[in-house]
Amino acid sequence: MSPFRSLTREEWSWALYDVGNSAFVLVVVTALMPLYFKDLATASLPAATSTAYWAYTNGASSLVLALLAPLLGALADYPGRKKFYFAVFLLLGLCATLALTIPGQGQWLLTLVLFLCARLGWAGANIFYDAFLVDVTSSSRMDSLSAQGYAWGYIGSVIPFLAILALLVSSGDLSRGLPTQAVKISFLLVALWWCLFSIPAMRHLQQRHAQPKSAAPIRDSLRRVSAMLVEARQHPKVFLFLLAYFFYIDGVDTIISMAGVYGRDLGFSSATLIVVLLVIQIVAFPCTLAYAHLAGRFTSLNLLLAGIGIYGCITLLGFLLPAISHAGLKTACFWLIALLVASSMGGIQALSRSYYSRLIPKEKSAQFFGIYNIFGKFAAIFGPFLLGLTGQITGDSRWGVLSLLPLFLLGAFFLVRAHQLPDPAQPILSNHEE
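For every chain, the first residue of the written sequence is number 1, and numbering continues from 1 along that sequence. With the structure being a predicted model, the display of local features is reserved for residues of pLDDT at least 70 and the display and counting of side-chain atom pairs for 80 or more, all residues being used for whole-chain, interface and lining totals. Side-chain descriptors were evaluated using all non-hydrogen atoms of the structure, hydrogens and water having been removed beforehand.

**Let's talk about the side chain of S344**
- Checked against the element boundaries, S344 lands in helix α13 (residues 327-357).
- Any two residues having at least one pair of non-hydrogen atoms within 4.5 Å are treated as being in contact. Setting aside anything within four residues of it in sequence, one finds S344 in contact with Y291, G307, I310 and Y311. Comment: elements are numbered from the N terminus, with helices defined as DSSP H or I runs of at least four residues and strands as E runs of at least two.

In structure tokens, the structure reads:
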């Protein structure tokens, strides 16, 4: 039976996009680019310095998007504009991923610029992809569909990953680093896979909730964003949740994006790190679906708190890992960390997205997901910069890892405070502003 048999055409089209863009996250962001950058592009730089440069680039991509997200989200809430902006950023991400095949040995700055553009395109498209959730399904199905998007994204991205892994293995000894030509072919394959699974979304997703048309959309969009920020105090539950999200997703995203370079700093080979990533993707599939199922029994709040607690343990284990002298014990601990990451990375992201979707007005979903992404992207700036700067100052990346622990503690605190507040009694930003 098809895994999408119980979904509508729009729901499976929405979920399939995650299958496509997750290959970019797995192969480019998590697996290849960190190792490629460390082994080939910055061979002449100290380990802590190259790790810091990688962290700064991830932070810079988030800063650019965070500055653009409010206006883009407000503009996309006009009829028919959500898919337009989704397509623009999708095209940017695809073209920049293809362009990563251009830089040669030593061109680390060009490599970082192209990666920044690719990540900007991927993250920008996700603003509008996330905002489509309120258009394609009902409130009662949001937890399940959001989790299915992440889950099938994890398992679906394994297919191109395995093909790329076979290509890398056949191209040379991975213990000596990644073969350059094979890596560039891998970028090409990722772009093609991402493009292929974007087609159903481009064909079938329809924007059902929108703001009335405006003769001056940019001016009115800026006015709506400004009004929303002014009225934030009237809707404390939404914005307190966003504050909690800022802290805990900061830690989650930083761990995911920095795991590869941290593993290289600890001496793990490219082959080991790639196999670990493959296992994470496979294990994350059932765990993400389990989070959605358990949320119906134990509530989304409790499952989010459980995920935050698991990531706090990951941070402590990551800090202690370099102090383990026994090679076998260090490897076993590294695998334990990987399995803990896999157990919760999809669930915490999926439930955050669906929890937030139920708090916001549907007709302003893109605008509010623009704000959601501001908090997420500014978090993605702060976390990598915090880790990179702490590691660069101390000369040891493990202290940068430990600096992430307060983020999870603050996230849990504000999440509980947000949940204790009453649900919004009326649509956020009432129509009198129009």
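On we go.
**Section: the packing of helix α12 (residues 300-320) against helix α16 (residues 405-420)**
- To obtain each axis, a line is fitted to C-alpha atoms, and for helices this fit is confined to the stretch in contact; angles are then taken between N-to-C directions over 0 to 180 degrees. Two elements in contact, α12 and α16, have axes separated by 9 Å at closest approach and are oriented at 170 degrees. Between α12 and α16, the interaxial angle falls into the category roughly antiparallel. Within the contact between the two elements, α12 uses L301, L304, L305, I308, Y311, G312, T315 and L316 and α16 uses L405, F408, G411, A412, L415, V416 and H419. Small angles under 35 degrees read as roughly parallel and large ones over 145 as roughly antiparallel, with 65 to 115 read as roughly perpendicular and the rest as oblique.

**Some words on a nonpolar patch on the surface**
- There is a patch of nonpolar side chains on the surface, built from L98, I185, L188, L189 and L192 and spanning about 400 Å² of accessible area.
- Looking at the nonpolar patch element by element, the count peaks at four residues for helix α7 (residues 180-196).
- If you trace the backbone, L192 turns up in helix α7. Residues with no salt bridge and a relative accessible area higher than 30% make up the patches, which join like charges within 9 Å and nonpolar side chains (Val, Leu, Ile, Met, Phe, Trp, Tyr) within 5 Å. Note on areas: these come from Shrake-Rupley sampling with a 1.4 Å probe, and a residue is covered only by the protein chains present in the view. The salt bridge criterion pairs a side-chain nitrogen of Lys or Arg with a carboxyl oxygen of Asp or Glu, the two atoms within 4 Å.

**So, the environment of Y262**
- Mapping Y262 onto the fold places it in helix α10 (residues 236-265).
- Note on exposure labels: buried denotes an accessible area under 20% of the residue type's maximum, exposed denotes more than 50%, and partly exposed covers the range between, all computed with a 1.4 Å probe on protein chains only. Residue Y262 is classed as buried on the basis of its relative accessible area of 12%.
- Separated by 136 residues in the primary sequence, Y262 and R398 have C-alpha atoms spaced 8.3 Å apart.
- Once residues lying within four places of it in the same chain are set aside, the contact partners of Y262 are G318, P322, S397, R398 and V401.

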